[in-house]
Amino acid sequence: LSDVESLPSSGEKFAVVGFNYAEWAFDGRTFDPKKNQEAIDAFNAGVKIDSLFPMNYVGLGRMALRNKDVTSAQRYFAKAQSIVENKKYKVSKPLKQNTYIAIAAAQLAEETRDTTAARKALNLASAIDENNLELRLTWGDYQFRKNINNQSAAIAEYNKCLNIDSKYIVNLSKYKIN
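Model, not experiment: these values are computed from the prediction.

Conventions used here
- Residues numbered from 1 in each chain as written.
- Predicted model: local features only at pLDDT ≥ 70, side-chain atom pairs only at ≥ 80, totals over all residues.
- Heavy atoms only, no water.
- Helix = DSSP H or I, 4+ residues; strand = E, 2+ residues; numbered from the N terminus.
- Buried < 20%, exposed > 50% of the residue type's maximum accessible area, 1.4 Å probe, protein only.
- Contact = heavy atoms within 4.5 Å.
- Core = buried A, V, L, I, M, F, W, Y, C linked by side-chain atoms within 4.5 Å.
- Phe/Tyr/Trp six-rings, centres within 6.5 Å; stacked < 30°, edge-to-face > 60°.
- Lys NZ or Arg CZ within 6 Å of the ring centre and 35° of its normal.
- Expected span 1.5 Å × (residues − 1).

Draft legend 1. Structural context of the overall build of the protein. Along the protein, the regular secondary structure elements total nine helices and zero strands. Taken from N to C terminus, the helices and strands of the protein fall in the order α-α-α-α-α-α-α-α-α. A burial count over the protein gives 41% of its 178 residues as buried. Sequence separation of 24 or more characterises 53% of the internal contacts of the protein that already satisfy a separation of 6 or more.

Given below as structure tokens:
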């Protein structure tokens, strides 16, 4: 975490760093245990600095899923959800929605996939803003995982991203859509 020490301390900064390490940990075949640990360290540092920033709990949940610890993951996701749903914390709607989307994405990305839990999180996110690009992309990922033998629903969701913003190309770089 030495490269992060020069950044201003905030839970959000550590969450960004943690998610980056989590992504960098995968080389296409295997996970780098050192980068996985760096991600966990960043998320824990974020919790220590700001225990009410929910994305660090989502990150810890994702890393727990990566380590096949579903019970811990569920506990971290529940903590993140309790923060965004507690009115006394006054969490912004975008952060609330992004938290739900990140929970769903974690449930879909790791080997311990849980499409039922992902759908619940996506439904909560959809109630905030159905036209969020990341939401539509994650709904596409959900459809991709749920209906592996029929990708038409996934393609329809990915194409909604282009209907919302024709320059949004993340979905096209991730998947080949015919």
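Draft legend 2. Focus on the nonpolar core. One finds V58 and F77 to be the most contacted residues of the largest nonpolar core, which totals 38 residues. Ranked by size, the runner-up nonpolar core spans five residues in total, among them L133, L137, A154 and Y158.

Draft legend 3. A look at the side chain of Q107. Locating Q107 in the fold gives a position in helix α5 (residues 93–109). For Q107, the residues in contact, after removing those within four places along its chain, are L65, F77, T112, R113, D114, A117 and A118.

Draft legend 4. Examining the packing of aromatic side chains more closely. Throughout the structure, instances matching the rule amount to four aromatic pairs. Centre to centre, the rings of Y21 and W24 are 5.5 Å apart; their planes meet at 90°, and the pair counts as edge-to-face. Of the two residues, Y21 and W24 are both situated in helix α1 (residues 11–24); the distance of three residues between them amounts to about one turn of the helix. The buried category is assigned to Y21, whose relative accessible area is 7%. With a centroid separation of 4.8 Å and an interplanar angle of 40°, the aromatic rings of F26 and F31 are classed as tilted. Positioned over the ring face of Y76 is R75, at 5.8 Å from the centre of the ring.

Draft legend 5. Up close: helix α3 (residues 54–66). Here α3 is 13 residues long and its end C-alpha atoms lie 19 Å apart, about the 18 Å a rise of 1.5 Å per residue gives. Among the 13 residues of α3, 13 are classified as buried, and the element is accordingly described as predominantly covered. Backbone geometry just after α3 places K68 at a positive phi near 65°.

Draft legend 6. Quick look at the environment of A15. Along the chain, the position of A15 falls in helix α1. Residue A15 is classed as buried on the basis of its relative accessible area, which comes to 3%. Those residues in contact with A15, other than ones at most four positions away along the chain, are F43, F53, M55 and N56.

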